[in-house]
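An overview of the molecular structure
Next come the chains, spelled out residue by residue.
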Amino acid sequence: MLLKSKKFWLSATISLLATIGFLGTPHILRWQVEKRLPPGVSFRTVSLKTDGILLKGVTVDKGWITGEFEEVKTDFTGKNISIDGGSIGADLNTRKSSSSRTEKLDDPKQGRSFDIKNVSLSARYQNHKIKLSKIHTRDDLICFSKAELEDPPISTGPGCFDRKTNTADIQHASLDRFTYRGATISNISAEKITANIKENSATVGDITAQISARNQTATIHALGTTVSRLKNTVKISKLNLDHKWIDVGSVTLENVVLSRGEDNKSIFNISINGSKININPIMFSVSGSETCSGWINSLPQELKTHPLNSISFSGNTSFSISLLPIPTFNLKSTCSATCKSLPNLRKSFTYTAYGPDGKPFTRESGPGTSEWVPYTSTGDMPLAAMIMEDPGFSRHRGFITEAFLNSLKDNLKHGKFLRGGSTITMQLAKNLWLNRNKTLGRKIQEFFLSQALESCYSKDDIMALYLNVVEFGPNKYGIKQGSRHWFRRGPEELVPVESFWLASILPRPSKTGPPNEQALKKITNLVKQLASNGRIPDYMLDTIPPDEEEFIDDFDTESE
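We now turn to the structure provided with this report.

In terms of helices and strands, the protein chain carries 13 helices and 26 strands. Looking at the protein chain as a whole, 41% of its 560 residues are labelled buried. For the protein chain, the share of sequence-separated contacts (at least 6 apart) that also reach a separation of at least 24 residues comes to 45%. Of the roughly 30,800 Å² of accessible surface on the protein chain, a fraction of 53% belongs to carbon and sulfur atoms.

A word on unusual backbone geometry. Here His306 and Pro307 are connected by a cis peptide whose omega angle stands at 5°. Note that Pro307 resides in the loop between helix 4 (292–298) and strand 21 (313–314). Cis geometry is adopted by the peptide bond preceding Pro325, which originates at Leu324 and carries an omega value of 0°. Within the secondary structure, Pro325 is located in the loop between strand 22 (316–322) and strand 23 (328–333). The backbone phi angle of Asn166 is positive, close to 60°, even though this residue is not glycine. The topology assignment puts Asn166 in the loop between strand 11 (159–162) and strand 12 (167–180). By relative accessible area, which is 25% here, Asn166 ends up partly exposed. Of note, the phi angle at Asn273 is positive, near 50°, even though the residue is not glycine. Relative to the helices and strands, Asn273 resides in the loop between strand 18 (268–272) and strand 19 (275–280).

Here we come to the packing of aromatic side chains. Counted under the stated rule, the structure contains eight aromatic pairs. Note on Phe349 and Tyr351: the rings are 6.3 Å apart at their centroids and 50° apart in plane angle, and the pair reads as tilted. Accessibility expressed as a relative area gives 9% for Phe349, which makes it buried. Looking at Tyr351, the relative accessible area reads 4%, which means it is buried. Taking 5.3 Å as the distance between ring centres and 75° as the angle between the ring planes, the aromatic pair formed by Phe361 and Tyr477 counts as edge-to-face. Here Phe361 is found in strand 26 (residues 360–365), whereas its partner Tyr477 is found in the loop between helix 9 (459–469) and helix 10 (479–487), with 116 residues between them in sequence.

What follows is about helix 9. Within helix 9, eight of the eleven residues are buried, which leaves it mostly tucked inside the rest of the structure. For helix 9, the complete set of buried residues consists of Ile462, Met463, Ala464, Leu465, Tyr466, Leu467, Asn468 and Val469. Of the surrounding secondary structure, the elements contacted by the buried residues of helix 9 are strand 25 (349–354), strand 26, helix 5 (381–389), helix 7 (424–433), helix 8 (440–456) and helix 10.

In this structure, Thr167 sits in strand 12. Judged by relative accessible area, which is 16%, Thr167 ranks as buried. A distance of 2.8 Å separates polar atoms of two side chains, one belonging to Thr167 and the other to Thr165. With near-sequence residues (within four places) excluded, Thr167 lies in contact with Cys160, Phe161, Asp162, Ala195 and Asn196.

In this section: the pattern of salt bridges. The final tally for this structure, using the stated rule, is eleven salt bridges. The salt bridge involving Lys164 is made with Asp140; its shortest N-O contact spans 3.5 Å. Pair noted here: Lys164 is in the loop between strand 11 and strand 12 and Asp140 is in the loop between strand 7 (128–138) and strand 8 (141–144), with a separation of 24 residues, a long-range link. Residue classification places Lys164 among the exposed residues on the basis of a relative accessible area of 67%. Glu446 is the salt-bridge partner of Arg442, the closest N and O atoms lying 2.8 Å from each other. On the criterion of helical spacing, the pair formed by Arg442 and Glu446 is a turn pair, its members being four residues apart in helix 8. By sharing partners, the salt bridges in this structure join Arg442, Lys443 and Glu446 into a single network.

Counting buried positions along helix 11 (residues 496–504) gives eight out of nine residues, so the element sits mostly inside the fold. Within helix 11, burial applies to Pro496, Val497, Glu498, Ser499, Phe500, Trp501, Leu502 and Ala503.

Cut-offs used in this document
- Residues numbered from 1 in each chain as written.
- Predicted model: local features only at pLDDT ≥ 70, side-chain atom pairs only at ≥ 80, totals over all residues.
- Heavy atoms only, no water.
- Helix = DSSP H or I, 4+ residues; strand = E, 2+ residues; numbered from the N terminus.
- Buried < 20%, exposed > 50% of the residue type's maximum accessible area, 1.4 Å probe, protein only.
- Contact = heavy atoms within 4.5 Å.
- Areas by Shrake-Rupley, 256 points an atom, 1.4 Å probe, with all protein chains shown as cover.
- Phe/Tyr/Trp six-rings, centres within 6.5 Å; stacked < 30°, edge-to-face > 60°.
- Polar contact = N/O pair within 3.5 Å; in protein donor to acceptor, adjacent residues only side chain to side chain.
- Salt bridge = Lys/Arg side-chain N within 4 Å of Asp/Glu carboxyl O.

Written as structure tokens, this is what we have:
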């Protein structure tokens, strides 16, 4: 029995060696492999290994896919295939026209598995071309060292595609620039990208870019971005925006959602913390309508400074800005503040003033303080300030739309934020609570704060506050200091020409010179013209008092 068993194993071994030897014959082995390969696949050499068959110089030409591999190794079943080195090209546009099963490199029903490394892929889909370098597989992952997209020219770092979840993860992607409807987007960089191919969506952890249009450039930094092609939306958790017109530093917008307009595909909708803005990039127009509290809630945190962050508002504000074909601006507001939520300015208060060197300091003002001048003791200063600074003061509710439009035109003409169309109420808000940076961000704050002031204080109250806190010369704050410094008497004792001269220096008080004869003569002519036009009473035609020239000579001597 043992002898029969030995004879069996000896016979089986001899048969196996004979079979291997037969198959190992080069031309027999080539013949056996070639008849099992699908059409369009050939190789340069073949060799038999203990665990399978090794092909070298394998070429593939399947019409929609072509390439050459350095080495292809398969086990004896032909179901486990490993590829090492080479390149392959695929035209996915022509693959749809292929219906033959023999044109597929692999058939999932056959249970084939591929192990790939060091292979590059060039693919075309619609008008896009992409190249993947050093492809390698691991379980259900197809990974690459870098990718390059031709149109638009995007390059990426390492990434992987998960065949099971149909998602792709990419560490980094960048794009030099591209142009969209007159705007240039450049220096684009994205980090931590996950794309879901099945859902046609993607999430990006970090995006930075520069956007340029009409000689203006803004830098954006988006955190937590989700893009959905099916819903046509882009959601951003936080968007840091840096533009010199908006604020000196970057500002942060939260819960930003960008979407296409339902009725007009050229319109984009932007929602910021729930407040919606419509953008037409073709006409360079922006518009929106929202509750006043809603607009304030949507402001960047950097602009929600005290007391704007604590004022309670009712009412609505709507606006529209368009740059083409000509600049237009419209603004309507019914904002009203709850007065208890506004700082009490009917008693003494402190505010931040700025010296000629730009350094801030705290100053006290308000009824009951030593420097306070009540409205009834300000003489002709209210009328002079209104005519020189804000002719519509008695009629408006803190803002003048036409002034905003004229400022917009000037700012566009000079390419920077030079003026903002401030009313006296807005200037008061600025002097009480805001910095001196000429930006759109500060202008928005001024607008809402002026609405609050107009809600809770009379025009006389606002004018008195304004005259008591503004600067009337280098280190001279409030009308009491200003009138005594320049004319050595109180504001109620000034003649109209002197009041108008003081009002004329308000735009640049820290850079003004003494009221010399030429300056006062110019103001005198202005007063006469205003009186002749009926804009001021005839009694204001009084000019320089008899001792004024002597005072001017004394002042000039002191100045020297």
